[in-house]
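# Descriptive analysis of the structure
Letter by letter, the chains look like this.
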Amino acid sequence: MATLGLRDHKYDEFSAATAMELLKMEVEMSSSSPNKTVSLLRKSSSLEKNSSTLLSKKTRRGLIVVSVTLSIFAFLSWYYITQHGRMSIRQIGHAQFNPIGRELQITDQDGETVLTLELGLYLPMDAYPMECEEYAKRDVICIDWLKGSQETELLASMEITSGLEEAEAIITVQISWSSQGVDAPLEDCVYMGDDHWYGGALVPPVGYPVEEMEIPMQPFISGLPTDRGDRSQQNQPILAAERLWLSSAGLAISVNEDVPLQISSNDNNSQRLCFKSEVINVPYLNPLPDYPILLYTIFVSHNIPNAHEFTAGKVFTNPMNAPSLEVFSTPIWHIDPAPNITGQALLDFAITLNHSGFHVGEIQTSLPVDFGHSTISMDALNSLEHQPPDMLDIVSSYNWSVSASPYFNVNSEAFQELASMNFLITDSGGKVPVLMKWRGFHAGILDVTKMEAGNWFYHKLQNFRQSVEMVDSFVFDGGYGADMPPSFASEVPFHNPDSFCTYYTELANRLGKSGRRRCTHRSQSSPLFIQMDPWGANWHADEGLQGIIPSMVQYGLLGYPFVIPPSVCGVVDSGEDTHHPLLDRELYIRWLQLIAYLPAMPICVMPWEFGPEVASYAREMIELHQEKVSPIMKKLAVDALRDGKPIIRPIWWNAPKDKDALTMDSEFLIGDDMLVAPIVQKGAHMRDVYLPAGRWEDNLKGGIIEGGAWLINYKISLWEVGTFNRQK
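Before going into details, it helps to say that this report is about the structure given with it.

Rules used throughout
Residues numbered from 1 in each chain as written. Predicted model: local features only at pLDDT ≥ 70, side-chain atom pairs only at ≥ 80, totals over all residues. Heavy atoms only, no water. Helix = DSSP H or I, 4+ residues; strand = E, 2+ residues; numbered from the N terminus. Expected span 1.5 Å × (residues − 1). Buried < 20%, exposed > 50% of the residue type's maximum accessible area, 1.4 Å probe, protein only. Polar contact = N/O pair within 3.5 Å; in protein donor to acceptor, adjacent residues only side chain to side chain. Contact = heavy atoms within 4.5 Å. Axes fitted to C-alpha atoms, helices over the stretch in contact; angles between N-to-C directions. Parallel < 35°, antiparallel > 145°, perpendicular 65-115°, else oblique. Left-handed = near helix turned anticlockwise from the far one by under 90°. Core = buried A, V, L, I, M, F, W, Y, C linked by side-chain atoms within 4.5 Å. Phe/Tyr/Trp six-rings, centres within 6.5 Å; stacked < 30°, edge-to-face > 60°. Lys NZ or Arg CZ within 6 Å of the ring centre and 35° of its normal. Pairing = 2+ DSSP bridges. Disulfide = S-S within 2.5 Å. Nonpolar A, V, L, I, M, F, W, Y, C, P; charged D, E, K, R; others polar.

## Things to note about helix 4 (residues 304-315)
The end-to-end C-alpha distance of helix 4, which contains 12 residues, comes to 15 Å, matching closely the 16 Å that a straight helix rising 1.5 Å per residue would cover. Burial within helix 4 is extensive, with nine of its 12 residues counted as buried. Taken together, the buried positions of helix 4 are I304, P305, N306, A307, H308, F310, T311, A312 and V315. Sitting at the head of helix 4, N303 places a side-chain oxygen 2.9 Å from the backbone nitrogen of N306.

Laid out in C-alpha cells, this is it:
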C-alpha cells in the first residue's frame, strides 16, 4: 500500500555535475602533490586577504547584493525546474486540502478543525496532482491525478465540494473519487483521534464506542458465519451494516450506496476508520465492469444528537407505521421444536406455561411455513384447534408465530414449482437457479425483486394463515447479504448483496405489521420489529449479556427503534457433564432484569427450570415490563414515526459533550427521562453508576441526586436493578 509523503524532488543536474568534477580535480591534485595543494591553499588565502584590503566598502556591498540576487535567481530556477505545475493548498468553504500530503481538514463554523482525513492511499507516491481545467472557475476542488509530472496517463479524479444548510446550521462536505482502472482501488481514511464514534457496523464482540472495536479491512456486508468458532481466518460477522457513522465532535459520515464498500476500523490500533472501494475479488457484483468509485458526505453540526437528527432525514426514512404494540407488552416464549413436532407437544408446552403462572404472550414455534406442500407444521398447529374447550381456552390465550424464509430446499416441491416458473435467483446467465447452504441443506433463493415471485410468496403465506387460524404472525428469517452467492442474476439487478434484504423486507411488510425480521439494510421505514437471534450463555460482549446494551443503542442510532433483544439460550446447569455452554442461575436473573427494560422480552429457557423462586421473579419482571416500561415504549414508538429518535438511547443523548457519558456502555436511557443501570458483571452486587447532567430520582434507594456525577460502589442486590427518573 502506498504511504503518504512528499514527492522526491530532482536535483539541479548541472550543479551536481560541476560539484563532482571539482571534487575529483581536488582529489587528484592532492594525491599527486600534497605539499603543492597546501601551498596553493595558503597562497589563495593570502591573495584573498590582500585583495579584500584593496576593495572599497561600496564595492564589497555591491558584491553582496549581486551574490544575494544570484542566490534568489538560482532558487527560482530550481523551483521552476522541479516544482512547476505542482499544486498548492486548496480551500473551499470549510474544506482545506493539501495535495502534496493528501490531507483534508474539515473545520466547523468557528474555524476549528474537527476532522482530518488521509485521501488517496492507493495512489502511487509519485502520482502528480493537476487541477481539472474545466473546473477552474467552479466552486469545487477538482484534481486529476496523473501517473507522473511528465506523464499524461490519468489514474483517478477527485472532487471536493462544501456547502452550508443555513436553516439547520449544518456544514456539508462531499468527497467524490473515480478510478480509471478496474484493478485500481480507492481508499480514504478518517483519523478518529480523541473523538468517540458510533454507528456503522454491529460486529460481535460489540465495541462501544466504535474506536474500541478492531476490524481489519473487509466487505461491508451483513451476515453471520456458518462456523462460529475461530474467526481469525475469516471476515468478522456483521449483525447490521448501515453506511452511517457519527462522531462526538458533532459529525456524521454517510457513504453512498453505489460504492462497493469495504471498511476497516482501528486496524492494528491505527485509530483510523477507512473506506475502500474495489471491484475485483469482492462480493459486490460488477457486470459492466465499472471502475471503482468512492463517494461520501461529511456533515458537521454543533453536537452529535443534532447531527443524527439531520442526517437521519437525509440517509434513511423514518418508520412509516408503528409495529404491533402488543409486542411491547407481552413476553415472547420461544420453543425450538424437533423436526417432527406434534400438536400434543405444542399443547403440553402451552399447558405448562399456563400452569406456571405465565398466562399471556406469544409462543414462537420456529416451525417453517409449509407453502402448501409439507404437512408437518400445518397438522401440528391445526390439531391445537380441535381440543376440548378448556384446553382450547389455554391455547387461544397465546399468540402463535411460525418462521418463513426466502430459501427453498432443492428436494421440496416448492423448489420445483418456483424453478419451473423462473421465480428463483439464477446464475449470471439467467438459466440455472443458484444454490446456497441454509440450515444444513442446499436451497434455491426466491427472486424477491420479481413482482410475480413476490406475489407467489405473499399468497402462500396468506393461504397458510387462513388454513391455520392459530397463526398470528410470521418471523422472516434470513436475508443477510453474506448468504448470497458470489455471482447471480435477478429480475431487478443490484450489485450490493445486502440489497436483497431491502427487497425481502418490502415483501414481508405486505403481510402486516405484526411480523418480525432478522436482517436489516436501508429498511428503516419498515414497521416490522427486528428480532435478534438468541445468544449463548455467557457474560461477555461477544454475543453475551454485556453486548446487549451496546447493540440496542447502535441499532437505534442507525435508525431502527423497534428491536427485540436476544434471548438467552443454553443448557441449564444441572451438575451433569455436557458439551454445551451452561446457563447458570445468576446469569439468567441478570438477563431477565435487562430485557424487562427493553422493548420486548424474548425468553428461550423457561423460568421454572431454575425453580419456583426464579419463576416467581420472572413473573415480577414481566409485570414490571407491562405496567411501567411498556407504556413508555408505546409513546416513544409513536414519537419515532415523527422524528426518528431512538427508543433506547445512549446516556449522552442529552449531554453530548460529557466525556464520561460518551463512553458508557453498561447504562442506557429509555427516551429522555429514565436511566437504567443493570448489573452485567458476574458475581457483582455493586457497580459505579454515572448520571449525566440533571436532577435524578433514585428509584431503588430514594432521594434526589444532582447529575454530572458518579455514584461509586452503588449497591444492587441479585434481585434489584438500578433505575433513575429525570426530574423536570
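And the narrative resumes.
## So, the side chain of D477
Position of D477 among the secondary structure elements: in the loop between strand 23 (471-476) and helix 10 (499-509). Owing to a relative accessible area of 3%, D477 belongs among the buried residues under this scheme. Within the structure, D477 has its side chain in polar contact with the side chain of S403 (distance 3.5 Å). If sequence neighbours within four positions are ignored, D477 has contacts with S403, A404, S405, P406, W438, R439, Y504 and R518.

## Points about the packing of helix 12 (residues 585-595) against helix 13 (residues 612-643)
It is at 9 Å that the axes of helix 12 and helix 13 come closest, and there the two elements cross at 10°. Here helix 13 runs roughly parallel to helix 12, going by the angle between their axes. The hand of the helix 12/helix 13 crossing is right-handed. Contacts from R585, Y588, I589, L592, Q593 and I595 in helix 12 reach E613, V614, Y617, A618, M621 and H625 in helix 13.

## Let's talk about the nonpolar core
Membership of the largest hydrophobic core comes to 156 residues, with the highest contact counts inside it found for L381, W400, Y597, F668 and I670. Take this core: its biggest share by element is 11 residues, from helix 13. In contact with F668, other than residues within four places in its own chain, are I549, V553, L594, Y597, L598, I648, R649, I651, M674, L675 and V676. The next biggest cluster of nonpolar side chains, apart from the first, holds 51 residues, and it includes I143, A156, V203 and L294.

## Some points on the packing of aromatic side chains
Under the criterion given, the structure shown has 26 aromatic pairs. Ring centres of F328 and F562 lie 6.5 Å apart, and the angle between their planes is 75°; on these two criteria the pair is classed as edge-to-face. Of this pair, F328 sits in the loop between helix 4 and strand 17 (332-334) while F562 sits in the loop between helix 11 (548-557) and strand 26 (563-564); the two residues are 234 residues apart in sequence, bridging distant segments of the chain. Each member of the pair, F328 as well as F562, carries the same accessibility label: buried. For the ring pair Y555 and Y560, a centre distance of 6.4 Å and an interplane angle of 85° mean the geometry is edge-to-face. When sorted by exposure, Y555 lands in the same class as Y560, which is buried. Linked through ring pairs, Y198, Y208, W652 and W653 together constitute an aromatic cluster. The residue whose ring lies beneath K701 is Y714, and the NZ or CZ to ring-centre distance is 4.9 Å.

## Looking at the pairing of strand 16 (residues 293-300)
Looking along a regular strand, one sees the side chains alternate between the two faces of the sheet. Counting buried residues in strand 16 gives six out of eight residues, a clear majority hidden from the surface. The pairing of strand 8 (residues 170-179) with strand 16 spans eight bridges and is antiparallel. The residue of strand 16 that forms the bridge with Q174 is T297.

## What about the state of the cysteines?
Here is the idea: a disulfide is a covalent bond, and it sits between the sulfur atoms of two cysteines. All chains considered together, the criterion is met by three disulfides. A disulfide bridge connects C132 with C142, and the sulfur atoms are separated by 2.1 Å. Judged by the sign of its S-S torsion, about -75°, the bond between C132 and C142 is left-handed. With C132 in the loop between strand 5 (128-131) and strand 6 (141-146) and C142 in strand 6, this residue pair connects regions lying 10 residues apart in the sequence.

## Notes on the packing of helix 5 (residues 343-355) against helix 7 (residues 389-396)
Between helix 5 and helix 7, the least distance of the axes is 9 Å, while the angle of their chain directions is 80°. Accordingly, the angle class assigned to the pair helix 5 and helix 7 is roughly perpendicular. From helix 5, L347, A350, I351, N354 and H355 reach across to helix 7, where they touch M391, I394 and V395. Taken together, the residues that form the contact of helix 5 with helix 7 break down as six nonpolar, two polar and no charged.

## Remarks on the sheet that holds strand 35 (residues 704-706)
Spatially, 30-31-32-37-34-35 is the arrangement adopted by the six strands of the open sheet, whose pairing is antiparallel. Either end of the sheet is taken by a strand with one partner, and the two such strands are strand 30 (648-649) and strand 35. The pairing of strand 34 (residues 695-698) with strand 37 (residues 722-726) spans three bridges and is classified as antiparallel. Paired with D698 across the two strands is F724, which belongs to strand 37.

## Digging into the environment of R695
On the secondary structure map, R695 appears in strand 34. Put simply, R695 and N725 are 30 residues apart on the chain and 8.4 Å apart in space, counted from C-alpha to C-alpha. One polar contact links R695 to E706, side chain to side chain, over a distance of 3.1 Å.

## With respect to the pairing of strand 21 (residues 435-438)
Only one face of strand 21 is covered, namely the face carrying M436 and W438; the face carrying L435 and K437 is uncovered. Pairing between strand 21 and strand 22 (residues 441-445): four bridges, direction antiparallel. In the sheet register, K437 faces strand 22, and the bridge partner there is H442. The hairpin turn running from strand 21 into strand 22, its antiparallel successor, is two residues long, and R439 in that turn takes a positive phi close to 50°.

## Notes on unusual backbone geometry
Put simply, P204 and P205 share a cis peptide bond, and its omega is -5°. Here P205 lies in the loop between strand 10 (197-202) and strand 11 (215-219). Cis geometry is adopted by the peptide bond preceding P209, which originates at Y208 and carries an omega value of -5°. You can see P209 is positioned in the loop between strand 10 and strand 11. Backbone geometry places N713, a non-glycine residue, at a positive phi of 55°. Structurally, N713 can be placed in strand 36 (residues 709-715).

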